[in-house]
Amino acid sequence: MTEITAVAVITVLAVISPGADFAMVVRNSCLYGRTTGLLAAVGVAAGVLVHVTYTMLGVGLLIASSTALFTAIKLVGAAYLVYIGVRTFLARSDLDVDLESKPQLTRLGALRTGFLTNALNPKTTLFVVSTFTQVVGPTTGLWQQAGYGLFMSVAHLGWFGLVALFFSNSRLRTAMLRWQKALNRGIGSVLVGLGVTLGLGGH
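### Some points on the side chain of T36
(1) Moving on: On the secondary structure map, T36 appears in helix α3 (residues 34-65).
(2) Moving on: Here T36 falls in the buried class, since its relative accessible area comes to 11%.
(3) Moving on: Contact partners of T36, with chain neighbours within four places excluded, come to N28, L105 and A110.

### What about the environment of S168?
(1) Moving on: Looking at the secondary structure, you find S168 in the loop between α7 (142-167) and α8 (170-178).
(2) Moving on: Accessibility expressed as a relative area gives 25% for S168, which makes it partly exposed.
(3) Moving on: Remark: the alpha-carbon pair of S168 and L31, spanning 137 residues in sequence, is separated by 8.1 Å.
(4) Moving on: In terms of polar contacts, S168 uses its side chain to reach the side chain of R34, at 3.0 Å.

### Regarding the nonpolar core
(1) Moving on: Residues V15, F22, V25, W159, F160 and V163 are the most contacted members of the largest nonpolar core, which totals 15 residues.
(2) Moving on: Mapped by element, the contributors of at least two residues to this core are α1 (3-16), α2 (20-32), α3 and α7.
(3) Moving on: The element contributing the most residues to this core is α7, with six residues.
(4) Moving on: Once you skip the residues sitting within four places of it in the chain, V25 turns out to touch G37, A40, A41, V44, F160, V163 and A164.

Cut-offs applied
Residues numbered from 1 in each chain as written. Predicted model: local features only at pLDDT ≥ 70, side-chain atom pairs only at ≥ 80, totals over all residues. Heavy atoms only, no water. Helix = DSSP H or I, 4+ residues; strand = E, 2+ residues; numbered from the N terminus. Buried < 20%, exposed > 50% of the residue type's maximum accessible area, 1.4 Å probe, protein only. Contact = heavy atoms within 4.5 Å. Polar contact = N/O pair within 3.5 Å; in protein donor to acceptor, adjacent residues only side chain to side chain. Core = buried A, V, L, I, M, F, W, Y, C linked by side-chain atoms within 4.5 Å.

What follows is the structure, encoded as structure tokens:
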């Protein structure tokens, strides 16, 4: 599996697997409408760049200082992909989102909520670190790494933008939830396979 393919597949699966960011965008879209949901999606995408920045710096230092330590972290990252794949496969099909309370939320507040949700999200941290440790090596250029990070951010923006569009419309929301269980199982299966493959060095 090529570096670019691995980044693309892992990123897409990471983005669409339900988590705190998904629940937050869904809630804002349902309660406050499409514009607020879209602004939250922009915040989520910006939050990803925080993780990309420190991961690029950290991976570079690891490669330069200790190949053995980098390899160990790479294996831990692959194991995490398997773990999150199993968790996603076994996830409940119903979406648990609090729609009872409705405090005021400005446009800036929507952006800030989206940003903080992902900037402080351990799941996003682990996915970014896991992905980078699988595909980045001594010969991977800085601009290529930056491209991977930008793709991760844009992928989040695209997916959560769609989530905002769907969940701000009652008919589309029902249709999306109907497919959630099958989506979880598909994502989980592929993530487990990817984790095993990459952990064994097949990338």
